[in-house]
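# Residue-level structure breakdown
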Amino acid sequence: MPEDRPTMPPVMLHTEAELARDALSAPLFVRAVRLARWADPHKPVGAGGELLADELREAVKELGLDDDEDGPGYAAEAWQLALDIGLVEVEGPAGPEDAAETAEAVDADGAPADGTPLTPGADAPEPAGTARPGEELPRFAGGAPQEVLELWLNGLETVLADAAAPDLADIIDQLSEGDELDLDALDWNPEEEADFLDGVLGNLYLLTALDEETTDRAVPLPALAASMIVPDDMDEPTDAVLEEVSDAMMRLDEQFRMLAPTGIVDYRPVDEELIEEVDGEGRVSEPERGIAETEVDEEDVARYGMVRLTPLGLYAVRSRMLEAGVHAPVVGELAPADAQTLLAALPGFPDAAARAEAEQWLAGRTATDAAAELLAAARGDDPEAPLRRLTCQQTLTLVGPEAEPALRAVLEDPHLGGLARVWLAEHGVDQVPEPSEEMVFWLTVDTIAAQLAAGGDSEELRELVQGLVDRSAGFFDSVWRVEHPATAEVLEAMGRLHPDKKTAKEARKAAFKARSRH
């Protein structure tokens, strides 16, 4: 793998069968399939493959939607998706290539996009072709999980493109005034808008991967918008930055409303009561500064919008990342790997993912063989060895008592004898020889070195250091003599971490002795 290739934390994905069921139950795709079947044997369509006014009204009824509110829009969106991914095919002058170019020629009611109303007696658009169920309908509605997911991803791409497009009402306003379409006047850059949405989805993916609770907990929309706009080194956002966050929230609110029916996110929209007209633009009143610090009631925060990446969404964002060249591992990929590879990778995993990865690796081996392979990979005096041994010890906690022979075989190994005794004691094994004092202190140094490599000067390590020193008289007189490559480094860390100044000074003196010895 190239060193400069971006890498994401590993994620746990649902099975393809589960994901395919989620895709088939996504509201937008349910409607698209239903309309594709409704088109049998054929339906008249306009020049871009769009449903004409009468057929659109029929489609609304077919879907059981409200004809007076959002029903026509939902039906038109579902029909367009069916066209885009081949659930519906058009015959006659109108074809798929025409649909892509002229789909915006009519609005959700089948009327011209220039705002001309369809009134009794007015000239309605004439049929330009016929639509019928497409070849992809049986593949999506009843195909293998991989086929379903492939078509679902294709449909998602079209919705993502629509979500990143400028507001159609603004375009209509420009064209109705007789002006040429001016993207600069719309304050819209297609690449920047698409990149921003990709970045937001990437942040949601990262939060889901790193925080095992995020899979069931939504993210406040203000926090998500702020993560894209507020600089990391800005302690207190300025009014200008907060206004930018507010504008981004409203754009994300529109986009997530469009994306939610695809099944990629669960979304609670911004409370309509919080939205007010400012200079003719819809904008949410500035969220309280405390929202970023969770200083307000959870229900108040939720009114500003809450979003969660679904399991299907996690799969989709990962698929798009892989296409973009990002290394996005999934739990289970290391099951066939050797123990050396496993122990090197697990420290970078979130806790839940590390356990799941280790369990899948162990499932393919007997307890004895797995323990022996892990112990062999844990040996070494290289800088990464302490963390490798700690990871080995953590992985061995998942192995049953059948592994006892492999642990007994290394009792006299200077690198592994200490952790083997810990494992045997935890499993209640009898007749385990007491470790020598030299082995005890070596294991102590090795453990602290591993903790330093894993988390640096953490609070957990600070407590460990204080407990070790306070329980052992003459601790430093013994530790500086330990033949471990990290002895001096560990003693220096103990000098930084111990709260007692006198003890910290003793640790630094011991570190000097350890360095002088070599």
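For the structure, check the block above.
Now for a description of the structure that goes with this document. Predicted model only: the values in this text are computed from it and were never measured.

### Some words on the overall build of the protein
Across its full length, the protein carries 24 helices and eight strands. When each of the 518 residues of the protein is scored for burial, the buried share is 45%.

### Focus on the nonpolar core
Core analysis: the largest hydrophobic core is formed by 79 residues, its most contacted members being Trp-79, Leu-87, Trp-152, Tyr-205, Phe-256 and Leu-259. Of all hydrophobic cores here, the second largest spans 34 residues; its members include Leu-362, Leu-374, Leu-375 and Trp-423.

### Remarks on the side chain of Thr-444
Following the sequence through the fold, Thr-444 ends up in helix α20 (residues 437-455). According to the relative accessible area criterion, Thr-444 is buried, its value standing at 13%. Not counting the four nearest positions on each side in its chain, Thr-444 is found in contact with Leu-468 and Phe-475.

### Some remarks on the sheet that holds strand β1 (residues 43-45)
Two pairing modes exist for strands in a sheet, parallel and antiparallel, and in both the strands are linked by backbone hydrogen bonds. Read from one edge of the open sheet, three strands run β1-β3-β2, paired in antiparallel fashion. Two strands close off the open sheet at either side, each with one partner strand: β1 and β2 (88-91). On average, adjacent strands in this sheet sit at an angle of 40 degrees to one another, irrespective of strand direction.

### Some points on the side chain of Arg-318
Relative to the elements of secondary structure, Arg-318 occurs in helix α13 (residues 311-323). Among the polar contacts made by the side chain of Arg-318, one reaches the main-chain carbonyl oxygen of Ala-328 at a distance of 2.6 Å. Those residues in contact with Arg-318 that lie beyond four places of it in its chain are Val-11, Leu-13, Tyr-205, Ala-328, Pro-329, Val-330 and Glu-333.

### Concerning the pattern of salt bridges
Counted under the stated rule, the structure contains 27 salt bridges. A salt bridge links Glu-89 to Arg-132; the shortest N-O distance between them is 3.2 Å. Of this pair, Glu-89 sits in strand β2 while Arg-132 sits in strand β3 (residues 129-133), placing them 43 residues apart in sequence. A residue is classified by how much of its surface remains accessible, and Glu-89, at 22% relative accessible area, is partly exposed. Relative accessible area serves as the criterion here: at 29%, Arg-132 is assigned to the partly exposed category. For Asp-457, the salt bridge goes to Arg-496, with nearest N and O atoms at 2.9 Å. Residue Asp-457 is found in the loop between α20 and α21 (459-471), and its partner Arg-496 is found in helix α23 (residues 487-497); the two are separated by 39 residues along the sequence. Overall, Asp-457 belongs to the partly exposed group, its relative accessible area being 38%. Its relative accessible area of 49% is what places Arg-496 among the partly exposed residues.

### Here we look at the environment of Asp-198
Its place among the elements puts Asp-198 in helix α9 (residues 190-210). A relative accessible area of 33% means that Asp-198 is categorised as partly exposed. Spatially, the C-alpha atom of Asp-198 lies 9.4 Å from that of Met-321, the residues being 123 residues apart in sequence.

### As for a negative patch on the surface
Taken together, the side chains of Asp-66, Asp-67, Asp-68, Glu-69, Asp-70, Glu-77, Asp-84 and Asp-162 present a region of like negative charge at the surface. Its location among the elements puts Asp-84 in helix α4 (residues 71-84).

### Observations regarding the packing of aromatic side chains
The tally for this structure, following the rule as stated, stands at six aromatic pairs. Measuring from ring centre to ring centre gives 5.8 Å for Phe-29 and Phe-140, while their planes differ by 35 degrees; the resulting arrangement is tilted. Residue Phe-29 is located in helix α2 (residues 27-38), and its partner Phe-140 is located in helix α6 (residues 136-142); the two are separated by 111 residues in the primary sequence. Here Phe-140 falls in the buried class, since its relative accessible area comes to 0%. Between Phe-256 and Tyr-267, the aromatic rings sit 5.4 Å apart at their centres with planes inclined by 45 degrees, giving tilted as the arrangement. Taken together, the residues Phe-256 in helix α11 (residues 239-259) and Tyr-267 in strand β5 (residues 265-268) connect sequence positions 11 residues apart. The exposure class of Phe-256 is buried, given its relative accessible area of 0%. Through successive ring pairs, a cluster of aromatic residues spans Phe-29, Phe-140 and Trp-152. Taking NZ or CZ as reference, Arg-31 lies 4.7 Å from the ring centre of Tyr-74, over its face. When the ring centre of Trp-361 is taken as reference, the NZ or CZ atom of Arg-365 above it lies at 3.8 Å.

Conventions we followed
- Residues numbered from 1 in each chain as written.
- Predicted model: local features only at pLDDT ≥ 70, side-chain atom pairs only at ≥ 80, totals over all residues.
- Heavy atoms only, no water.
- Helix = DSSP H or I, 4+ residues; strand = E, 2+ residues; numbered from the N terminus.
- Buried < 20%, exposed > 50% of the residue type's maximum accessible area, 1.4 Å probe, protein only.
- Core = buried A, V, L, I, M, F, W, Y, C linked by side-chain atoms within 4.5 Å.
- Contact = heavy atoms within 4.5 Å.
- Pairing = 2+ DSSP bridges.
- Axes fitted to C-alpha atoms, helices over the stretch in contact; angles between N-to-C directions.
- Polar contact = N/O pair within 3.5 Å; in protein donor to acceptor, adjacent residues only side chain to side chain.
- Salt bridge = Lys/Arg side-chain N within 4 Å of Asp/Glu carboxyl O.
- Patch = residues over 30% accessible without salt bridge, like charges linked within 9 Å, V, L, I, M, F, W, Y side chains within 5 Å.
- Areas by Shrake-Rupley, 256 points an atom, 1.4 Å probe, with all protein chains shown as cover.
- Lys, Arg positive; Asp, Glu negative; His and termini not counted.
- Charge placed at Lys NZ, Arg CZ, Asp CG, Glu CD.
- Phe/Tyr/Trp six-rings, centres within 6.5 Å; stacked < 30°, edge-to-face > 60°.
- Lys NZ or Arg CZ within 6 Å of the ring centre and 35° of its normal.

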